[in-house]
Amino acid sequence: GEDVEQSLFLSVREGDSSVINCTYTDSSSTYLYWYKQEPGAGLQLLTYIFSNMDMKQDQRLTVLLNKKDKHLSLRIADTQTGDSAIYFCAEQPNFNKFYFGSGTKLNVKP
Amino acid sequence: DTAVSQTPKYLVTQMGNDKSIKCEQNLGHDTMYWYKQDSKKFLKIMFSYNNKELIINETVPNRFSPKSPDKAHLNLHINSLELGDSAVYFCASSPDSGIWETEQFFGPGTRLTVL
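A short tour of the structure in this document, coming up. (Residues numbered from 1 in each chain as written. Chains lettered and ligands numbered in written order. Predicted model: local features only at pLDDT ≥ 70, side-chain atom pairs only at ≥ 80, totals over all residues. Heavy atoms only, no water.)

### As for the sheet that holds strand 1 (residues 4-7) of chain B
Residue and element names in this part refer to chain B. Taken in spatial order, the 4 strands of this open sheet run 1-3-8-7, and their pairing is antiparallel. Two strands lie at the open edges of the sheet, namely strand 1 and strand 7 (64-70), each paired on one side alone. Pairs of neighbouring strands in the sheet enclose a mean axial angle of 20 degrees, with direction left out of account. One ladder, built from 5 bridges, connects strand 7 with strand 8 (residues 73-78); its direction is antiparallel. Each residue of the ladder has a partner; that of Lys-67, found in strand 8, is Asn-75. (Pairing = 2+ DSSP bridges. Helix = DSSP H or I, 4+ residues; strand = E, 2+ residues; numbered from the N terminus. Axes fitted to C-alpha atoms, helices over the stretch in contact; angles between N-to-C directions.)

Dropping the structure here:
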């Protein structure tokens, strides 16, 4: 359950939608998370989804979960320059254990 | 009013030295973690402590020894530092609310450079 994979880079124009993808490995993971890391800072939780859901929407953020394919995505609508950061997905196979992906660096061009 | 703090922010040292990184949280959380983020930004869990007791040790070399004097502190001591230990180390904490979904609060990180 340690190989959570994400593409390394994504570049979009301001106002477009961004879609960040993640593939996880542990089908027993009950919750899946998206965190954001701004330069020089720690990670901050953006949103999470319970494994028996297939979609969760939170303002500009939409999380889609395909449990069969173990695929998770984060869509950011109307992407802004302030959204430029590294985005990490994480799976939670045990109560206090989290495996993070390698992070996707989102670059938003004005 | 810092939630999770780490010291030092930067640490530059020679190979073979022993160093410590300190972490404190003022959120009243029961669980604390250490993560290592390498140069490719890959974030890997190292340890997890719940109420001062070690609950997760992710096959980290025994040169790394975490110590939790109380549930608000989790320090990381590293013996005989190696070049491969160079990374950013993040401390995090989370509440033990008895439910699975939990938000981890991360510290700002400690950038360790081993020369």
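### Comments concerning the environment of Gln-92 of chain A
With respect to the helices and strands, the residue Gln-92 of chain A is situated in strand 9 (residues 85-94). In this structure, the C-alpha to C-alpha distance between Gln-92 of chain A and Gln-6 of chain A, residues 86 residues apart in sequence, is 16 Å. Filtering out sequence-adjacent residues up to four positions away, Gln-92 of chain A remains in contact with Ser-29, Thr-30, Tyr-31, Tyr-33, Lys-97 and Phe-98 of chain A together with Trp-100 and Thr-102 of chain B. Side-chain polar atoms of Gln-92 of chain A contact the side chain of Tyr-33 of chain A, separated by 2.6 Å. (Contact = heavy atoms within 4.5 Å. Polar contact = N/O pair within 3.5 Å; in protein donor to acceptor, adjacent residues only side chain to side chain.)

### Some remarks on the pattern of salt bridges
Oppositely charged side chains may form a pair once their charged atoms are brought near each other. For the structure shown, the criterion picks out 6 salt bridges over all chains. Note that Lys-36 of chain A and Glu-38 of chain A form a salt bridge whose closest N and O atoms lie 3.2 Å from each other. The exposure class assigned to Glu-38 of chain A is partly exposed, which follows from its relative accessible area of 35%. With a shortest N-O distance of 3.4 Å, Glu-82 of chain B and Arg-63 of chain B are connected by a salt bridge. Note that Glu-82 of chain B is positioned in the loop between strand 8 and strand 9 (87-94) and Arg-63 of chain B in the loop between strand 6 (53-57) and strand 7, a separation of 19 residues in sequence. The exposure class of Glu-82 of chain B is partly exposed, given its relative accessible area of 40%. Among the residues examined, Arg-63 of chain B registers a relative accessible area of 14% and is labelled buried. (Salt bridge = Lys/Arg side-chain N within 4 Å of Asp/Glu carboxyl O. Buried < 20%, exposed > 50% of the residue type's maximum accessible area, 1.4 Å probe, protein only.)

### Details of the nonpolar core
Counting residues in hydrophobic clusters, the biggest one holds 38 residues, and the most contacted among them are Trp-34, Leu-72 and Phe-100 of chain A together with Tyr-35 and Phe-106 of chain B. At 6 residues, the largest contribution of residues to this core is made by strand 9 of chain A. The residues contacting Phe-106 of chain B, other than those within four sequence positions of it, are Tyr-35, Gly-42, Leu-43 and Phe-100 of chain A together with Val-4, Tyr-35, Leu-43, Phe-90, Cys-91 and Ala-92 of chain B. (Core = buried A, V, L, I, M, F, W, Y, C linked by side-chain atoms within 4.5 Å.)

### As for the pairing of strand 11 (residues 104-109) of chain A
Looking along a regular strand, one sees the side chains alternate between the two faces of the sheet. Residue and element names in this part refer to chain A. Burial along strand 11 is one-sided: Thr-104, Leu-106 and Val-108 are buried, and none of Lys-105, Asn-107 and Lys-109, which face the opposite way, are. Bridge analysis of strand 2 (residues 9-13) against strand 11 gives 5 bridges, and the strand direction is parallel. Among the inter-strand pairings, Val-12 is bridged to a residue of strand 11, identified as Val-108. Pairing geometry for strand 9 and strand 11, over 3 bridges, is antiparallel.

### Quick notes on the state of the cysteines
Disulfides are covalent bonds that link the sulfur atoms of two cysteine residues. Residue and element names in this part refer to chain B. What the rule picks out here adds up to 2 disulfides over all chains. Between the sulfur atoms of Cys-23 and its disulfide partner Cys-91 the distance amounts to 1.8 Å. The disulfide joining Cys-23 to Cys-91 has a torsion of about -75 degrees about its S-S bond and is therefore left-handed. One end of the pair, Cys-23, is in strand 3 (residues 19-25); the other, Cys-91, is in strand 9, and 68 residues separate them in sequence. Here Cys-23 and Cys-91 have matching classes, each one buried. (Disulfide = S-S within 2.5 Å.)

### Things to note about the packing of aromatic side chains
Under the definition given, this model contains 15 aromatic pairs over all chains. Residues Tyr-33 of chain A and Tyr-48 of chain A carry aromatic rings whose centres are separated by 5.8 Å and whose planes lie at 40 degrees to one another, so their mutual orientation is tilted. You can see Tyr-33 of chain A sitting in strand 4 (residues 31-37) and its partner Tyr-48 of chain A sitting in strand 5 (residues 43-50), a full 15 residues away along the chain. When the ring of Phe-100 of chain A is compared with that of Phe-106 of chain B, the centres are 6.0 Å apart and the planes differ by 85 degrees; the resulting orientation is edge-to-face. In this pair, Phe-100 of chain A is assigned in strand 10 (residues 97-100) and Phe-106 of chain B in strand 10 (residues 105-106), connecting two distinct chains. The buried category is assigned to Phe-106 of chain B, whose relative accessible area is 11%. Taken together, the aromatic side chains of Tyr-31, Tyr-33, Tyr-35, Tyr-48, Phe-50, Phe-88, Phe-98 and Phe-100 of chain A together with Tyr-33, Tyr-35, Phe-90 and Phe-106 of chain B make up a single cluster linked through ring pairs. (Phe/Tyr/Trp six-rings, centres within 6.5 Å; stacked < 30°, edge-to-face > 60°.)

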